[in-house]
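A closer look at the structure
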Amino acid sequence: MSLQAFEPRDDDRRPPASELLEIVQRGLRAKLKQLPSWLFYDERGSQLFEQICEQPEYYLTRAEIALLDVHAAEIADVLGPDVRLVEYGSGNAIKTRLLLEHLSSPVSYVPVEIASASLKASVERMAEQFPRLPMQPLYADFTRPLRLPIPPRAPRRTIVYFPGSTIGNFEQRDAIQLLRKMRDEMGMAGGILVGADLKKDVALIEAAYNDRAGVTAEFTLNMLARINRELGSNFNLDAFRHRSHYNPLAGRIETHIISLCEQKVRIGRMQASFAEGEAMLVEYSCKYSPTDFAAIAAKAGLEVAQVWFDPEVLFSVQYLVRKGPAVQA
């Protein structure tokens, strides 16, 4: 096992405090306030997300694991031997283990994660299960260009693995841009393996983002706790609440933080004013039909080579390959 497993490379992609302050202030100055969803994922946020995945209403993780239980061997056959697997937002890598068990002579595993403690813990667990697999963890923001570590031997192809439904957290233009970035990083012979949640009954979708235990609400409001901690702001978490609802026209869950009263919050030298009931957008979670996703992939210069579904057809894993020159969105 590579010693890099316990010494994650830091490519200096986390924003410094000054940049974070600018991002937050700009979002709160907007006519319709919004904050980027990556702010969820500090160490506490990553822990809370793992708890969300265990809630009975959150079908997504169960459906994706059920999909891999049925299709992981077939997926591995399609990817072929001697693969370098680069995983975006690796988290606890439960689904990745199901795939790695079936890959033939993988060259290396490169988990990319912005939460350093989560990354280290995940790699340590993976190293126990796959002691002969070279691991090259990368502590980075996967939305920015990555400097991938040099593999221990030449791979037949690089596969960018993006499990979960995180691609749905990006607006269409941004999703296309991210897929183009993956297309560059996978190289000429590579591919992209990406999870995409499917359109389905609205009540089932909304329940997944409003669990009865309130874990998702705590996860959402933890964003404000992070801003308080890192920027010295004074959000009163008790004065805000979580709200997620499905927008059928846009085909997505829209998550907001709602102000419960008229109030002002200090962000650096700025005072942000909130009206009672004012909503601050913090996340989209897009849902797709197979046709929807194929159209997005095509605009990134990719095509769907194969798609797999879980037994209940709630979730999909799509295998994308290079199509040719990218079409402008």
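Above this text is the structure in question.
Residues numbered from 1 in each chain as written. Predicted model: local features only at pLDDT ≥ 70, side-chain atom pairs only at ≥ 80, totals over all residues. Heavy atoms only, no water.

**Here we look at the overall build of the protein chain**
Helix and strand counts for the protein chain come out as nine helices and 13 strands. In terms of overall dimensions, the protein chain is globule-like: its C-alpha atoms have a radius of gyration of 20 Å, near the 20 Å expected for 329 residues. Along the longest, intermediate and shortest principal axes, the C-alpha atoms of the protein chain span 60 × 45 × 40 Å. Looking at the protein chain as a whole, 54% of its 329 residues qualify as buried. For the protein chain, the proportion of contacts with a sequence separation of at least 24, taken over those separated by at least 6, is 72%. Total accessible area on the protein chain is roughly 14600 Å²; 51% of this is exposed by carbon and sulfur atoms. Between the averaged position of the 39 positive side-chain charges in the protein chain and that of its 42 negative side-chain charges there is a distance of 6 Å. (Helix = DSSP H or I, 4+ residues; strand = E, 2+ residues; numbered from the N terminus. Rg over C-alpha atoms; globule rule 2.2 N^0.38 Å. Buried < 20%, exposed > 50% of the residue type's maximum accessible area, 1.4 Å probe, protein only. Contact = heavy atoms within 4.5 Å. Areas by Shrake-Rupley, 256 points an atom, 1.4 Å probe, with all protein chains shown as cover. Lys, Arg positive; Asp, Glu negative; His and termini not counted. Charge placed at Lys NZ, Arg CZ, Asp CG, Glu CD.)

**Some points on unusual backbone geometry**
With phi around 60 degrees, D82 is a residue other than glycine that occupies positive phi space. Residue placement: D82 occurs in the loop between α3 (59-79) and β2 (83-88). For D82, a relative accessible area of 17% puts it in the buried group. Although it is not a glycine, S105 sits at a positive phi angle of roughly 45 degrees. Topologically, S105 is positioned in the loop between α4 (94-100) and β3 (108-113).

**So, the sheet that holds strand β11 (residues 279-286)**
Hydrogen bonds along the backbone pair up the strands of a sheet, which may run parallel or antiparallel. One open sheet accounts for three strands, arranged β7-β8-β11; its pairing is antiparallel. The strands lining the two open edges of the sheet, one partner per strand, are β7 (240-247) and β11. Each strand axis lies, on average, 20 degrees off the axis of its neighbour in the sheet, ignoring direction. Running at roughly 120 degrees to β7, helix α8 (residues 215-231) makes contact with β7, β8 (252-259) and β11 of the sheet. (Pairing = 2+ DSSP bridges. Axes fitted to C-alpha atoms, helices over the stretch in contact; angles between N-to-C directions.)

**Considering the environment of Q55**
You can see Q55 is positioned in the loop between α2 (43-52) and α3. Linking Q55 and A213, residues 158 residues apart in sequence, is a C-alpha distance of 7.9 Å. With near-sequence residues (within four places) excluded, Q55 lies in contact with R62, D211, A213 and V215.

**Regarding the packing of aromatic side chains**
All chains considered together, the criterion is met by 14 aromatic pairs. An angle of 75 degrees between the planes, with centres 6.1 Å apart, marks the rings of Y41 and F49 as edge-to-face. A connected cluster of aromatic rings, assembled from ring pairs, spans F40, Y41, F49, Y58, Y209 and F219. The cationic tip of K33 hangs over the ring face of F274; the distance from NZ or CZ to the ring centre is 4.9 Å. Sitting over the face of the ring of Y284, R252 holds its NZ or CZ atom 3.7 Å from the ring centroid. (Phe/Tyr/Trp six-rings, centres within 6.5 Å; stacked < 30°, edge-to-face > 60°. Lys NZ or Arg CZ within 6 Å of the ring centre and 35° of its normal.)

**Looking at α2**
Here α2 has its buried residues at G45, S46, L48 and I52. Considered in projection along α2, the buried side chains sweep an arc of 165 degrees and stay on one side of the axis. (Arc of directions from axis to C-beta.)

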